[in-house]
Amino acid sequence: MAQTNTSFRLPESIKKDTLSFRQKVKDFLDGQTTPAIFQAYRVPRGIYEQRQTGEFMVRVRAPAGVILPEQAQRLAELSRTYGNGVLHITTRQDVQIHEVKIEKTPDILESLLEVGLSPRGGGGNTVRNITACPRAGVCPDEAFDVRPYAIALAEYLLDFESSFNLPRKFKVAFSGCSQDCALASVADLGFFANIKDGTEGFTVYAGGGMGSHSRVAVKIEDFIPGREVFSVAEAMKRVFDQYGDRTNKHRARLRYVLDRLGQDEFVKLYQQQREKLKQEKLQTPTIHPIISTSKASGQSNSTTTDRSLVEYHNWRRANVSAEKEPGAFTIRLRLALGDISANDLEKIASLAGTIGAGLIRTTQTQDLLLCRVREDDLPFAFAQLSGLKAGVLSAGGPKLVACAGASTCRLGLCRSRDLASAISTELDTTGWSIEWNGQVIRISGCPNSCGHHPIGVIGLQGRAKRLDGKLVPCYSVLVGGKVGQGSARLAEQVAVVPAKNVPALVYDVLGLLQSSAADRESLDSTVADSKEKIARIAAKYSHIPTIEQQPQFYQDFGATEDFSLAGRGPGECGAGVMDVIRLDIDQAKQSLDRAKESTDGKTKSDTVYEAIVAAARALLITRGLEPRKDREIFSAFAKHLIEPGWIGQGTEKLLNQALDYRLGDIADIGHLQESVARMLARVEELFHSLDANLNFRVEPISKKHVDPNPPKDNEHVIDLRGVECPLNFVKAKLALEKIEVGGILEVLLDGGEPVENVPASFTEQGQEIVDTSESNGHFLVTVRRRN
């Protein structure tokens, strides 16, 4: 296949891998490959199943955020032909094609290959897209253009199979100055451009990242010459490969290695790997300079539309920035939530081919840029962009960045994109006119932080709370995040607010910050000084009404059904279990806190009882149980946690006292607060010790009773028809643990999510799926215990 001339050169290994993908898909469709095995193959190639079963997303890498016009045209064509006709720009400068059928993915990958693009490494435990400042090469503040280094490093790392079999994802970023538009200060490996004695080079940071446990990176090199980026990246990749935790994916990122070892040991191991690489004489690619020359449109200023001159100047003030070359400008195309239609992208590609540098840039804030545009061409560009449906000419206001969220992502808790739309509507309907241009509100639908909420001036993280047994979509509100070389800090949580109150809260907080800040440059310090005021504002919005009072609070934005964890997976059943356990533990803590504050004896006893029920219920789901009635909860807790010795025997007396209070046999249990607190502390200790297989890693208080009569081989069948995720997987896992290693378990499952999720979760935990067969509308999955 002929490959279009591009600054990024796909390694031959990627080309060969792409051409072999068609046979892999055929084997899967013919039933020769199980869904779990195929999933493990396709995800590192950037192909994810969406929340809607049977529809997939293809995530295409754009190294350094650079896309040629012909590449953009091909992406648009593929989205329109095989997807939903809408492309999505991610916070890592990738481009995603959505709602693709799996049988069409080989056509997409091979077509992308023709124009020098690939989704390889777009997902899974791989080296992800290597990002760079979106204005690299034109920014007045940069030390030098970092794109050649980012692109060359991508070419180098993608050529090694080891880059696709890491403990978890590995993210690299290049920033051209200390302001850190590329987010290098919170990357696994971040390079900051500096010049020393006339030599281009980098200050290097490592061990950063965002997720359920976010961390700012630490400095590992004061300065390296530019040519050494290869050995630095390879050395850190080897440290990660050797010391990353492959047994627990929730603590497998490089930042956990840093936390576990400490900074001194972490840096020492990295330096040892660099010394080894010097002996190996690393073979590295050439760093090609990117030579861009501005194109003139040949159009005159008279080509502007009939829009008023005021409109043009408002657009120019908000979306056009001067570059370091006199007379050259960058045009920002503001995309709502990173989405752009295939038709609009084609028109932008055509425009990029006639003006500026002949390139399209993707940004970490999910926008597009056209760079090196001559001043005479700005009116022409405005006229051309005015015809787009995407509304890229927005003249200001805060930028909303949101991850995919629960509407499509199988890991999402809340519908973050719908919240972003609701916030936009709130600002529009309330007549928002305050300038807050250039600042970003960052929204993630779960703790995984794909929306980068930990570094937001205002960050919102989706979560769930439970009131009277009902789940409520909520968001943690964080403020004060910042990136920068040596000055990065994570946002701090000030409140948890039900989702339906967030838009009004954001409006009030924006008003506070705007009135407090003299200018945009002082906004960081304004946020730091205003945290207490923001927390007081948030407190007004934190109350959750009962479902009888306001039932809409129990539905997420964009949803018509009550909020639930349904749809998470496949292969993420364990993650769903952990979320539910945490909800019960938090509820028990909150009940104890209310009991301590209460002066009314009846209220104190009621809240102590609520704490006992929540604490007893928390871990039962790990035993495959989900009892509804309080008496059933206490009985199961005694049988599965007290009798085996995981919880102290004295706790059984506590449960009996709670039941006596419930039945009216005793009038007061408020004095049991300390006993309940000890019980809860042990429950939480067991929770924190859970591994990916939902086994406790701490010792029991007393030895666990061993069944002298384990089930026979012919008893190794479990019927889980009618049991929903994630409980079906937990029950199946517990049944498998009763079988000796090498033994076989047969599991009866419903179609749809159960038969997709349970086998995938077993495979993830190292068990073997021997066979999956369909009969009379249900499925029989045969599992061999391997560990």
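Rules and cut-offs
- Residues numbered from 1 in each chain as written.
- Predicted model: local features only at pLDDT ≥ 70, side-chain atom pairs only at ≥ 80, totals over all residues.
- Heavy atoms only, no water.
- Helix = DSSP H or I, 4+ residues; strand = E, 2+ residues; numbered from the N terminus.
- Buried < 20%, exposed > 50% of the residue type's maximum accessible area, 1.4 Å probe, protein only.
- Contact = heavy atoms within 4.5 Å.
- Phe/Tyr/Trp six-rings, centres within 6.5 Å; stacked < 30°, edge-to-face > 60°.
- Lys NZ or Arg CZ within 6 Å of the ring centre and 35° of its normal.
- Pairing = 2+ DSSP bridges.
- Axes fitted to C-alpha atoms, helices over the stretch in contact; angles between N-to-C directions.
- Salt bridge = Lys/Arg side-chain N within 4 Å of Asp/Glu carboxyl O.
- Disulfide = S-S within 2.5 Å.
- Core = buried A, V, L, I, M, F, W, Y, C linked by side-chain atoms within 4.5 Å.
- Domains from an automatic or database assignment.

A. View of the overall build of the protein chain. A tally of helices and strands in the protein chain yields 22 helices and 24 strands. Looking at the 787 residues of the protein chain, the share that counts as buried comes to 56%. Nonlocal contacts in the protein chain, meaning residues at least 24 apart in sequence, comprise 69% of its contacts between residues at least 6 apart.

B. Summary view of the packing of aromatic side chains. Under the criterion given, the structure shown has 20 aromatic pairs. Ring geometry for F174 versus F191: centroids 4.6 Å apart, planes at 10°, classification stacked. One end of the pair, F174, is in strand 7 (residues 172-175); the other, F191, is in strand 8 (residues 189-196), with 17 residues separating them in the sequence. No difference in accessibility class separates F174 from F191, as the two residues are buried. Centroid distance Y609 to Y661: 6.4 Å. Interplanar angle 45°. Geometry classified as tilted. Taken together, the positions of Y609 in helix 17 (residues 601-618) and Y661 in helix 19 (residues 651-663) put the pair 52 residues apart, joining distant regions of the chain. Counting every residue linked through ring pairs, the aromatic cluster contains F144, Y149, F174, F191 and F202. Seen from the ring of Y41, R45 lies directly overhead, with NZ or CZ sitting 3.7 Å from the centre. We note R316 situated over the ring of F329; from NZ or CZ to the ring centre the distance is 5.2 Å.

C. Representation of the sheet that holds strand 9 (residues 199-206) in the model. Within the open sheet, the five strands sit side by side as 6-7-8-9-10. Their pairing is mixed. Edge positions in the sheet fall to strand 6 (131-132) and strand 10 (218-225), since each has one partner strand and no second. Judged from the two bridges that link them, strand 6 and strand 7 form a sheet pairing that is parallel. Along strand 7, the bridge assignment pairs T131 with A173. Packing against the sheet, helix 5 (residues 147-157) makes contact with strand 6, strand 7, strand 8 and strand 9, and its axis sits at approximately 165° to strand 7. Docked against the sheet, helix 6 (residues 229-243) engages strand 7, strand 8, strand 9 and strand 10, running at close to 155° with respect to strand 8.

D. Expanded view of the pattern of salt bridges. Applying the stated criterion to the full structure yields 42 salt bridges. R80 serves as the salt-bridge partner of E346, at 2.6 Å between the closest nitrogen and oxygen. Here R80 lies in helix 3 (residues 69-82) and E346 lies in helix 10 (residues 342-352), a separation of 266 residues in the sequence. Taking relative accessible area as the criterion, R80 reaches 38% and is therefore assigned partly exposed. One salt bridge connects D222 with K219, and the closest N-O pair in it is separated by 3.3 Å. Judged by its relative accessible area of 38%, K219 falls in the partly exposed class. Where salt bridges share partners, they join D17, R45, R120 and E161 into one cluster.

E. Structural detail: helix 18 (residues 630-642). I633, F634, A636, F637, A638, L641 and I642 are the residues of helix 18 that are buried. Close packing links the buried residues of helix 18 with helix 17, helix 19 and helix 20 (673-689).

F. A look at the sheet that holds strand 5 (residues 95-100). An order of 1-2-5-4-13 is seen for the five strands of this open sheet, with the pairing classed as antiparallel. Strands with a single pairing partner mark the edges of an open sheet, and in this sheet they are strand 1 (47-49) and strand 13 (339-341). Adjacent strand axes in the sheet meet at a mean angle of 30°, parallel and antiparallel pairs treated alike. Here strand 2 (residues 56-60) pairs with strand 5 via four bridges, running antiparallel. For F56, the partnering residue across the bridge sits in strand 5 and is V100. Across the sheet, helix 3 is in contact with strand 2, strand 4 (86-89) and strand 5; its angle to strand 5 comes to roughly 15°. Each of strand 4 and strand 13 is contacted by helix 10, which is oriented at about 85° to strand 13, the strand it contacts most.

G. Main features of helix 4 (residues 105-114). By the criterion of burial, helix 4 is predominantly enclosed, with eight of the ten residues buried. Considering only its buried residues, helix 4 is in contact with helix 1 (12-29), strand 1, strand 2, helix 3 and strand 5.

H. Representation of the pairing of strand 2. Burial runs high along strand 2: five of the five residues are buried. By the alternation rule, side chains of strand 2 split into F56, V58 and V60 and M57 and R59, which are all buried. The antiparallel pairing of strand 1 with strand 2 creates a hairpin that spans six residues between the two strands, and G54 there sits at a positive phi of about 95°.

I. Here's a closer look at the state of the cysteines. The final tally for this structure, using the stated rule, is zero disulfides. In this structure C403 is a free cysteine whose sulfur lies 5.9 Å from that of C450, the closest cysteine sulfur available. Judged by relative accessible area, which is 11%, C403 ranks as buried.

J. The arrangement of the nonpolar core in detail. Formed by 61 residues in total, the largest nonpolar core has its most connected members in L153, F174, L189, F191, F202, I220 and M236. Within the residue set of this core, elements represented by two or more residues are helix 5, strand 7, strand 8, strand 9, strand 10, helix 6, helix 7 (254-261) and helix 8 (263-280). If you count residues domain by domain, this core takes at least three from each of domain 1 (1-123) and domain 2 (125-291). Residues contacting I220, with those up to four places away along its chain left out, are L189, V204, Y205, A206, M236, F266, V267 and Y270. Ranked by size, the runner-up nonpolar core spans 60 residues in total, among them L659, I718, A735 and I739.

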